[in-house]
Amino acid sequence: MHAPDERRPPVHVLLSGIVGSTAYGLAHAGSDIDRLGLFAAPTTDFHGLHRPSESHVTTAPDRTLHEAGKWCRLALNCNPTASELVWLPDDLYEVRTPLGEELIAVRRSFLSARAVRNSYLGYATQQFRKLSSRDPDDPVSRVRSAKHARHLVRLVEQGLALHETGEVAVRLADPERVRALGERYAGRPADAAGLLATAEERFDRPGVLPEAPDERPAEAWLRRVRAVHLEAAA
């Protein structure tokens, strides 16, 4: 018996939109347009020996699609990239089905204080390590360093906004300031250590998020997805 053909594009896309630098307001001439979405695999595909692919990634166009169950697991862990799908500005959505609307409506139930701190601060720390490992005097390396630094700043600001307000601000309020900080930290990586230290202090203070997510809305939504796609054609 052969596994399902994982090269086939998902049919039942429930929600998708433009993410990345375009969504953040950091895009420049020549920037790639990144798309993120989630889809429902036919429910009967889970009944055989081989489970359906949980992610489909293409580079022409640049698009990542996660199966509904995988997306829920990522979002319950407050994965920054996955989570932003349900917090996009309205004009950035390209597919928005009724089930996708239901998911947007329960987006706050996925949030939790510990997961937000671990994921956003954790990913920001990873960007700092990448930034610190590059040669600031090498022109090619400097471009990559600036990108790491912009991601670092964005993750810190988005994570703190979540911790303190319970809202994901996908579109940056001041992209030019983030670009300027990116260039500064690319030239002096050690300066970014202060940003991370301040972020840790603010994460230590009480925020507005619960300690654990409320999994009930996600469970109910996913069961509706499975019921709707029980007899769906592959």
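Preceding block: the structure.
My aim in this report is to walk through the structure given alongside it, one point at a time.

About the criteria used
- Residues numbered from 1 in each chain as written.
- Predicted model: local features only at pLDDT ≥ 70, side-chain atom pairs only at ≥ 80, totals over all residues.
- Heavy atoms only, no water.
- Helix = DSSP H or I, 4+ residues; strand = E, 2+ residues; numbered from the N terminus.
- Rg over C-alpha atoms; globule rule 2.2 N^0.38 Å.
- Buried < 20%, exposed > 50% of the residue type's maximum accessible area, 1.4 Å probe, protein only.
- Lys, Arg positive; Asp, Glu negative; His and termini not counted.
- Charge placed at Lys NZ, Arg CZ, Asp CG, Glu CD.
- Phe/Tyr/Trp six-rings, centres within 6.5 Å; stacked < 30°, edge-to-face > 60°.
- Lys NZ or Arg CZ within 6 Å of the ring centre and 35° of its normal.
- Arc of directions from axis to C-beta.
- Contact = heavy atoms within 4.5 Å.
- Pairing = 2+ DSSP bridges.
- Axes fitted to C-alpha atoms, helices over the stretch in contact; angles between N-to-C directions.
- Core = buried A, V, L, I, M, F, W, Y, C linked by side-chain atoms within 4.5 Å.
- Salt bridge = Lys/Arg side-chain N within 4 Å of Asp/Glu carboxyl O.
- Expected span 1.5 Å × (residues − 1).

1. Examining the overall build of the protein
When its secondary structure is counted, the protein shows nine helices and five strands. Taken from the N to the C terminus, the helices and strands of the protein come in the order β-α-β-β-β-α-α-β-α-α-α-α-α-α. For 234 residues, the compact-globule formula gives about 17 Å, and the C-alpha radius of gyration of the protein, at 19 Å, lands near that figure. Its C-alpha atoms give the protein principal-axis dimensions of about 55 × 40 × 35 Å. Put simply, the protein has 234 residues, and 44% of those count as buried. Taken as two groups, the 31 positive and 32 negative side-chain charges of the protein have centres that lie 1 Å from each other.

2. A look at the packing of aromatic side chains
Applying the stated criterion across every chain, the model contains one aromatic pair. Seen from their ring centres, Trp71 and Phe110 are 5.3 Å apart, and the 75° between their planes marks the pair as edge-to-face. With Trp71 in helix H2 (residues 68-76) and Phe110 in the loop between helix H4 (98-105) and helix H5 (113-132), the pair connects residues that are 39 residues apart, well separated along the chain. Like Trp71, the residue Phe110 is buried in the burial classification. Lying over the aromatic face of Trp87, Arg107 brings its terminal NZ or CZ to 3.9 Å of the ring centre.

3. Describing H4
Looking only at H4, the buried set comprises Leu99, Gly100, Leu103 and Ile104. Projected down its long axis, H4 shows its buried positions confined to an angular sector of 145°, all on one face. In H4, the exposed positions angled more than 90 degrees off the buried face are occupied by Pro98 and Ala105. On its buried face, H4 is in contact with strand S1 (13-19), strand S2 (34-39), H2, strand S5 (93-96) and helix H9 (215-228).

4. Notes on the sheet that holds strand S3 (residues 55-59)
With mixed pairing, the five strands of this open sheet are ordered in space as S3-S4-S2-S1-S5. Since the sheet does not close on itself, it has two edges, and those belong to S3 and S5, each with one partner. The sheet shows a mean angle of 10° between the axes of neighbouring strands, direction not considered. Sheet topology note: the S2/strand S4 (residues 62-67) ladder contains five bridges and is parallel. Directly across from Phe39, in S4, lies its bridge partner Glu67. Packing against the sheet, H2 makes contact with S2, S3 and S4, and its axis sits at approximately 90° to S4.

5. Section: the nonpolar core
In this structure, Leu38, Trp71, Leu88, Phe110 and Trp221 are the most contacted members of the largest nonpolar core, which totals 58 residues. The element that contributes the greatest number of residues to this core is H5, accounting for eight residues. Beyond its immediate stretch of four places on either side in the chain, Leu38 contacts His12, Val13, Leu14, Leu15, Leu65, His66, Trp71, Leu85, Leu103 and Trp221.

6. A word on the pattern of salt bridges
Evaluated as defined, the whole model comprises 16 salt bridges. Among the salt bridges present, the one from Arg108 reaches Glu167, with a minimum N-O distance of 2.4 Å. On the criterion of sequence distance, the pair formed by Arg108 in the loop between H4 and H5 and Glu167 in the loop between helix H6 (139-165) and helix H7 (175-187) is long-range, its members being 59 residues apart. In the salt-bridge network here, residues are joined through shared partners; they are Asp90, Arg96 and Glu101.

7. Section: the pairing of S4
Examined bridge by bridge, S3 and S4 share five bridges and lie antiparallel to one another. From the neighbouring strand, Val57 faces S4, where its bridge partner is Thr64. The turn linking S3 back onto S4 is made up of two residues.

8. Remarks on helix H8 (residues 192-204)
Its 13 residues place the ends of H8 19 Å apart at the C-alpha level, agreeing with the 18 Å of an ideal helix rising 1.5 Å per residue. Where H8 is concerned, the buried positions are Ala192, Leu196, Ala199 and Phe203. Down the axis of H8, the smallest arc covering the buried residues is 60°, so these residues share one side. For H8, the secondary structure elements touched by its buried residues are H5, H6 and H7.

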